Amino acid sequence: RLRKWQERIRTKDAGERNLQFALSEIDRMASALGVPRSVREVASVIYRRALKEDLIRGRSIEGVATAALYAACRQEGIPRSLDEVAEVSRVEQKEIGRTYRYISQELGLELKPVDPKQFVPRFASALGLSEETQAKATEIIDVSAEQGLLSGKSPTGFAAAAIYAASLLCNEKKTQREVADVAQVTEVTIRNRYQEQIEAMGFR
Amino acid sequence: MTDPADSIEIQNVVASTGIGQELDLEALAEDLPGADFNPDNFPGLVYRTQEPKAAALIFRSGKIVCTGAKSIADVHDALGIIFEKLRDLSIPVEDDPNITVQNIVSSADLGHQLNLNALAIGLGLEDVEYEPEQFPGLVYRMDEPDVVILLFGSGKIVITGGKRTDDAEGAVEEIVERIESLGLLG
DNA sequence: AGGTTACTTTACAAAGC
DNA sequence: GCTTTAAAAAGTAACCT
């Protein structure tokens, strides 16, 4: 009986330690990504729900913690790309994506696809672009998305191209390389999306 | 008005069978020209047929998986060729081994561009996986027929997971109906 | 800037780690 | 869970010219 009791304490302690580890990892990654405290709270709640629903079995704590943070950013409307999240996590991008899809499904998060517009303020300010250029980029995204150009396209690439186009239109030119670096996409992707968007806007 | 059902093409058929006889794969790898066998990598021996084009995974137990064929008839033809090759090597093969189709992959074209964002919400986020950052296709799990459909912005689709040829027909009919009822098909 | 190749997703069986 | 095999869809990426 004593052994059983000790074991319960041991597992309870282990569970508590694991939870503390997960929460501190969420905190560490959130700091590295520069996301507000409110998002860390949301991520913690998602992680605790995943724990309660026993979704961590067969998966790493770090993987679920990272996926919870990725989901929280999306839920709060300030998404980070999987690339960005993977940079501060010790879990590879593919695994984070898989885990996110799993917990999202199981917890019924029902998050809408990421809106490229949500990347504009962050990317544009990293490039030192004006409010006017940001507004232009947002307009380009709206117009080209309405014309059906967004289906299947990566939200970061779509946002990057619109920002590049807006920087040209507003005489605050940034090179494709500069925009590609902050958005973590290739120049080829920016070029391809840019051509379609410019056409959709009726320029060219 | 072209019927999307007419655009259905079977792209791959996966089937399993067995010859009811244990095999020495090391010896078979020697005797079968073109056979690939790397037991450190994978326990099955890989053998490819040219006509019809298919790949077979042959296991020590005598069980065989055939994949890559473009029709169920091609699966039977490809496996028939393999059974004959084995018999030529004096390996006893059952007269007419049971062949079970495990999966059929088909493609089709709905004929209209699709707004995947609207579709994800319309079909119900709980039944849909659409993560364009990871993959450009929308993944839709259908219950009847029991298949998975990948839908793309171009209107082209992939139907997989079905075991019968007409599962693809049923799936196309059903998905067209659902998309139309949402007013999202052209 | 273009072209080629390769990887992402779905389903499925097989035997073994 | 992974390993291997095949095939489609379309987007992205890496590498070479």
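Keep in mind that this is a model prediction, so the values were computed, not measured.

Moving on, we come to the domain arrangement of chain B. Each domain of chain B was delimited in the assignment, giving domain 1 (15-100) and domain 2 (110-182). Centre-to-centre separation of domain 1 of chain B and domain 2 of chain B, based on C-alpha positions: 34 Å.

Right, let's talk about the confidence of the model for chain B for a bit. Here chain B averages 97 in pLDDT, and 100% of its residues register 70 or above. This prediction of the complex comes with two scores: 0.96 for pTM and 0.95 for ipTM.

A separate point is the protein's contact with DNA strand C. Lining the immediate environment of DNA strand C, one finds 21 residues, of which Arg 191 of chain A together with Arg 60, Ser 61, Phe 135 and Arg 141 of chain B sit closest. Across the atoms of DNA strand C situated within 4 Å of the protein, the share located in sugar and phosphate is 68%. At a separation of 3.5 Å, a sugar or linking oxygen of DNA strand C approaches a polar side-chain atom of Arg 101 of chain A. Contacts to DNA strand C include Arg 191 of chain A, whose side-chain N or O atom sits 3.2 Å from a phosphate oxygen. Broken down by secondary-structure element, the contributors of at least two residues to the surface near DNA strand C are α5 (93-106) of chain A together with β5 (63-69), β6 (100-109), β9 (147-151) and β10 (156-162) of chain B. Element by element, the count of residues in the surface near DNA strand C is highest for β6 of chain B, at three residues. Along the lines of polarity and charge, the residues of the surface near DNA strand C split into 10 nonpolar, five polar and six charged.

Taken together, the contact pairs 16 residues of chain B with 20 residues of chain A. Across the chain B/chain A interface, buried area totals approximately 1,500 Å², and carbon plus sulfur atoms make up 48% of it. By the criterion of area lost to chain A, the three top residues of chain B are Leu 125, Glu 133 and Gln 134 of chain B, representing 38% of everything that side buries. The interface formed by chain B and chain A holds two salt bridges in total. Across the salt bridge formed by Arg 101 of chain A and Glu 129 of chain B, the nearest N and O atoms sit 3.6 Å from each other.

Conventions we followed
- Residues numbered from 1 in each chain as written.
- Chains lettered and ligands numbered in written order.
- Predicted model: local features only at pLDDT ≥ 70, side-chain atom pairs only at ≥ 80, totals over all residues.
- Heavy atoms only, no water.
- Domains from an automatic or database assignment.
- pLDDT = per-residue confidence, 0-100.
- Near = heavy atom within 4 Å.
- Polar contact = N/O pair within 3.5 Å; in protein donor to acceptor, adjacent residues only side chain to side chain.
- Helix = DSSP H or I, 4+ residues; strand = E, 2+ residues; numbered from the N terminus.
- Nonpolar A, V, L, I, M, F, W, Y, C, P; charged D, E, K, R; others polar.
- Contact = heavy atoms within 4.5 Å.
- Buried area = accessible area lost by both parts, 1.4 Å probe.
- Salt bridge = Lys/Arg side-chain N within 4 Å of Asp/Glu carboxyl O.

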